[in-house]
Amino acid sequence: MSLNSEHREYWIENSNQSMFDNSSSMDEILEKYNLQSKSHELLAQPSLDLQLVMSSNFPTLSKEVAEKTRLLRRFRGEDLQGMSIEELQALEKSLGLGLDRVIAKRNEKIAKQTSELQEKIMQLSKENDLLRQEVEDISKFFGYLSLTLGLACNVV
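How each quantity is defined
Residues numbered from 1 in each chain as written. Predicted model: local features only at pLDDT ≥ 70, side-chain atom pairs only at ≥ 80, totals over all residues. Heavy atoms only, no water. Helix = DSSP H or I, 4+ residues; strand = E, 2+ residues; numbered from the N terminus. Buried < 20%, exposed > 50% of the residue type's maximum accessible area, 1.4 Å probe, protein only. Areas by Shrake-Rupley, 256 points an atom, 1.4 Å probe, with all protein chains shown as cover. Phe/Tyr/Trp six-rings, centres within 6.5 Å; stacked < 30°, edge-to-face > 60°. Lys, Arg positive; Asp, Glu negative; His and termini not counted. Salt bridge = Lys/Arg side-chain N within 4 Å of Asp/Glu carboxyl O. Polar contact = N/O pair within 3.5 Å; in protein donor to acceptor, adjacent residues only side chain to side chain. Contact = heavy atoms within 4.5 Å. Patch = residues over 30% accessible without salt bridge, like charges linked within 9 Å, V, L, I, M, F, W, Y side chains within 5 Å. pLDDT = per-residue confidence, 0-100.

**Student:** Hey, could you run me through the overall build of the protein chain in this one?
**Tutor:** Per the secondary structure count, the protein chain includes three helices and zero strands. Helices and strands appear in the protein chain in the N-to-C order α-α-α. Here the protein chain, with 156 residues, has 2% of them falling under the buried criterion. Summed over its atoms, the accessible surface of the protein chain is roughly 14,500 Å², and 61% of this surface lies on carbon and sulfur atoms.

**Student:** Sorry, what's going on with unusual backbone geometry here?
**Tutor:** Negative phi values dominate among residues other than glycine, just as trans dominates among peptide bonds. Backbone geometry at D79 places phi at a positive 60°, although glycine is not the residue there. Here D79 falls in the partly exposed class, since its relative accessible area comes to 29%.

**Student:** Looking at this structure, how should I read the packing of aromatic side chains?
**Tutor:** For any pair of aromatic rings, geometry is given as the distance between the ring centres together with the angle between the planes. Scanning all chains against the criterion turns up one aromatic pair. Aromatic side chains F141 and F142 sit 5.7 Å apart centroid to centroid with 65° between the ring planes, which places their arrangement in the edge-to-face category. You can call F141 partly exposed: its relative accessible area is 47%.

**Student:** Just checking my understanding: could you explain the side chain of R74 for this structure?
**Tutor:** Mapped onto the elements of the fold, R74 is located in helix α2 (residues 48-75). The buried charged residue R74 lacks any salt bridge partner; its closest oppositely charged side chain belongs to E87, at an N-O distance of 4.7 Å. A polar atom in the side chain of R74 sits 3.5 Å from the backbone oxygen of D79. When sequence neighbours within four positions are dropped, the list of residues in contact with R74 reads D79, L80, M83 and L91.

**Student:** Hey, could you run me through a nonpolar patch on the surface in this one?
**Tutor:** Residues I138, F141, F142, L145 and L149 make up a contiguous nonpolar surface patch of roughly 500 Å² in combined accessible area. Turning to its location among the elements, F142 is positioned in helix α3 (residues 85-155).

**Student:** Could you clarify how one ought to interpret the pattern of salt bridges in this entry?
**Tutor:** Close approach of charged atoms allows side chains with opposite charge to pair. Applying the stated criterion to the full structure yields four salt bridges. With a closest N to O distance of 2.5 Å, E67 and R70 form a salt bridge. Taken as a pair, E67 and R70 lie in helix α2 at a separation of three residues, close to a single helical turn. A relative accessible area of 28% means that R70 is categorised as partly exposed. Among the salt bridges present, the one from D129 reaches R132, with a minimum N-O distance of 3.2 Å.

**Student:** Would you take a moment to explain the confidence of the model for the protein chain for this structure?
**Tutor:** Low pLDDT means the predicted atomic positions in that stretch should not be read closely. Across the protein chain, the average pLDDT comes to 79, with 69% of residues at or above 70. The spread of mean pLDDT over the elements of the protein chain runs between helix α1 (residues 5-44), the lowest at 62, and α3, the highest at 90. Here residues 18-22 is a poorly scored stretch, pLDDT under 50, and it has zero contacts once near neighbours within four places are set aside; other chains count.

The structure is reproduced here in structure tokens:
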């Protein structure tokens, strides 16, 4: 499809006009970009309320983390030198209870897997019996067929 001269001039005028119109929208785009980047900078800084909450909770949370870290090290068998006999016995009891739960969970999973495997054995055994029966039926059929063909050959 070719453009005649009238359409070509209109197209050129419109594209030049839209090019200049786009320049004003480019200014708008740049302005929006600048506003957005300023708002992101403000959002990146925590608010004063958040800073106050964080600073008031920080010592408490820091102590809690230190205590949990110390307990974890003791559960791992580390950092035991400063503990009294009673503390060691309490730790041993706690570890024993935890170990009992771990063993119970392991045994539960083993029992479940054993049960699932027994079900699978039963299913495969049934399938095996069905296949054995099919083989017997086919053998009987071929035996009968060969007997019948043998008799037919003897008669002829």
